[in-house]
Amino acid sequence: MKKERSYMDSVHFNGRVWCAIMAVILIGIPFLECAIFRTTPDMRALLLGLIATAPMYWIVGVIEVFTYFPMLGPGGAYLSFITGNISNLKLPCALNAMEQAGVKANSEEGEVISTMAIAVSSIVTTVIIILGVILIVPLTPVLESPVLAPAFAQLVPALFGGLAIVFIAKNVKITIFPLILMILLFIFVPALNSGTVGIMVPVCVIITLIEARIMYKKGILG
Amino acid sequence: MAFSINSPVLYVITICVLVLVLTQAVTTLRRSLRRADELGIDKAKVKKVLRTAAVFTIAPAVAIVVGVITLSKDLGIPLPWLRLSVLGSLSYETVAAANAESAMGLRLGGGAALTASQYVTIVFVMSVSIMSGIILLVFIGKRLHKGMVKREMKDKKWAEIFSNALFIGMITAFVGFVFSDVLLVREGNTSGLIPVFVFFISMVIMIVCGAIKKKTNWGWINDYALPISLIGGMACAIPLTAWLG
């Protein structure tokens, strides 16, 4: 028991320290660039740009912490929030790993497997982007060619097709209502599109949780 | 120093941050491997997880490279490289950069040469906007986890349903998104059907992989079912786009 506490404690300690360091560095970078190039930001544009962007992103960022942290587990979450690309890469990767390993997300094994998968995925992503940048001149015409471009444009549907069937098949009862609701909403509400799907994730998570709670209390989810 | 969006010093900054990110990823990996050992998780299982995660990551990571290339036309290579490797994602960064540019009367994708002042303005907007998640984690990460553990202790069955419901909530939101443009058909535009077809093709490939596994007992096909369905779906998008796009 003592061992377990010390592992989790070190996960939290390291994770929080890394997040703090990264926050300071990333905020420091534009200041550093101002000093290097002896310039200052266009204050009016900075203010307008921030007003247009920051409030919504801050709210989304806060909601994402509450939505994704329990799914990723502590070890994976600290790293995922720093490396980004959570919904289109880290989370599907962790889910697939736990599914393959046959471990439950809320178990200790699940947490460790999820952390491992996210760490490997982060390393591989960083390395591939480095290779992509090194090879950017020969790669650009290939990746942007009219032949290949449609494939990358459809990454999300291709990813969630495979992922959805596995999870839906295992959780049919709690899936039906949110699935139909989301499909109808996205079809008939024009404001819902690729720009707003990130906001709909927590909304749908809350709806599904409430529905699951009611079904559980009524004994439907035996 | 003379400014350029591809100035060597900007590359140096990006590379320094990436070294830190890689360090964090490697230490996290090592700690989790040690813990897996302590928990007695089978070594073969661990190897399989590492291999599958690496293979699965390739296609989405190449898609991120495409994002870097797209944004590099306006912002140079080092900034999109940094933003898409750390914290960001293409949709976030595109909106943040576009908002900053439009505040200066520019247009993202317009190809205007940026001045140093315009450039740092964009970097400020991108950096400040994306910061709330990691700052919040510093303060509440541990407490949030304690809450999860407490719930777990109280009712194990509900804790399991809770975590499944989280995943289903996320997945169904993205499934809804796949259907977001189907009504364009009413205007004679069939491109909105492409994601729907790709989604179902990927689903079918996944089912076929499962069926082959059952018939043949080939473990590897199960291990790589998700990357196979992902790449299969993406590949089918090419003829589908030529047909419907």
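Everything numeric in this text was worked out from a predicted model, so none of it was measured.

### So, a positive patch on the surface
Move 1: A cluster of like positive charges, contributed by Arg213 and Lys217 of chain A together with Lys150 and Lys154 of chain B, occupies part of the molecular surface.
Move 2: Residue placement: Lys150 of chain B occurs in helix α6 (residues 132–154).
Move 3: The class of Lys150 of chain B is exposed, set by a relative accessible area of 63%.

### A word on the domain arrangement of chain B
All names here are of chain B.
Move 1: Domain assignment breaks chain B into domain 1 (8–130) and domain 2 (180–245).
Move 2: Just the C-alpha atoms count here: the centres of domain 1 and domain 2 sit 27 Å apart.
Move 3: Each partner contributes residues to the interface: domain 1 has seven residues there, and domain 2 has seven residues.
Move 4: Summing both sides of the interface, domain 1 and domain 2 together bury roughly 630 Å²; the carbon and sulfur share of this comes to 74%.

### Looking at unusual backbone geometry
Move 1: Positive phi is not limited to glycine here, since Asn85 of chain A has a value of about 50°.
Move 2: With respect to the secondary-structure elements, Asn85 of chain A resides in the loop between α2 (43–83) and α3 (86–101).
Move 3: On the basis of relative accessibility, which here comes to 5%, the residue Asn85 of chain A falls in the buried class.
Move 4: Even without being a glycine, Asn217 of chain B presents a positive backbone phi close to 65°.
Move 5: By the element assignment, Asn217 of chain B lies in the loop between α8 (193–216) and α9 (219–223).
Move 6: Among the residues examined, Asn217 of chain B registers a relative accessible area of 60% and is labelled exposed.

### A short note on the interface of chain B and chain A
Move 1: Listed per partner, the contact involves 143 residues of chain B and 147 residues of chain A.
Move 2: In this assembly, chain B packs against chain A so that about 13200 Å² is buried in total across both faces, 79% of it on carbon and sulfur atoms.
Move 3: The tally of links from chain B across to chain A stands at three salt bridges.
Move 4: As a salt-bridge pair, Lys142 of chain B and Asp9 of chain A come within 3.7 Å of each other at their nearest N and O atoms.

### Here's the deal with helix α7 (residues 156–178) of chain B
All names here are of chain B.
Move 1: The first and last C-alpha atoms of α7 sit 34 Å apart over 23 residues, in line with the 33 Å expected at 1.5 Å per residue.
Move 2: Counting buried positions along α7 yields 19 of 23 residues, so the element is predominantly enclosed.
Move 3: The N-capping residue of α7, defined by a side-chain oxygen 3.3 Å from the backbone nitrogen of Lys157, is Asp155.

### A few points about the environment of Val95 of chain B
All names here are of chain B.
Move 1: Tracing the chain through its elements places Val95 in helix α4 (residues 90–103).
Move 2: When its relative accessible area of 37% is taken as the criterion, Val95 is described as partly exposed.
Move 3: In this structure the C-alpha to C-alpha distance between Val95 and Ala44, which are 51 residues apart in sequence, comes to 43 Å.

### So, a nonpolar patch on the surface
Move 1: A surface patch of nonpolar side chains, about 480 Å² in accessible area, is lined by Val172, Ile176, Ile180, Leu184 and Phe188 of chain A.
Move 2: By the secondary structure assignment, Val172 of chain A is in helix α8 (residues 172–188).

What counts and what doesn't
Residues numbered from 1 in each chain as written. Chains lettered and ligands numbered in written order. Predicted model: local features only at pLDDT ≥ 70, side-chain atom pairs only at ≥ 80, totals over all residues. Heavy atoms only, no water. Patch = residues over 30% accessible without salt bridge, like charges linked within 9 Å, V, L, I, M, F, W, Y side chains within 5 Å. Areas by Shrake-Rupley, 256 points an atom, 1.4 Å probe, with all protein chains shown as cover. Salt bridge = Lys/Arg side-chain N within 4 Å of Asp/Glu carboxyl O. Lys, Arg positive; Asp, Glu negative; His and termini not counted. Charge placed at Lys NZ, Arg CZ, Asp CG, Glu CD. Helix = DSSP H or I, 4+ residues; strand = E, 2+ residues; numbered from the N terminus. Buried < 20%, exposed > 50% of the residue type's maximum accessible area, 1.4 Å probe, protein only. Domains from an automatic or database assignment. Contact = heavy atoms within 4.5 Å. Buried area = accessible area lost by both parts, 1.4 Å probe. Expected span 1.5 Å × (residues − 1). Polar contact = N/O pair within 3.5 Å; in protein donor to acceptor, adjacent residues only side chain to side chain.

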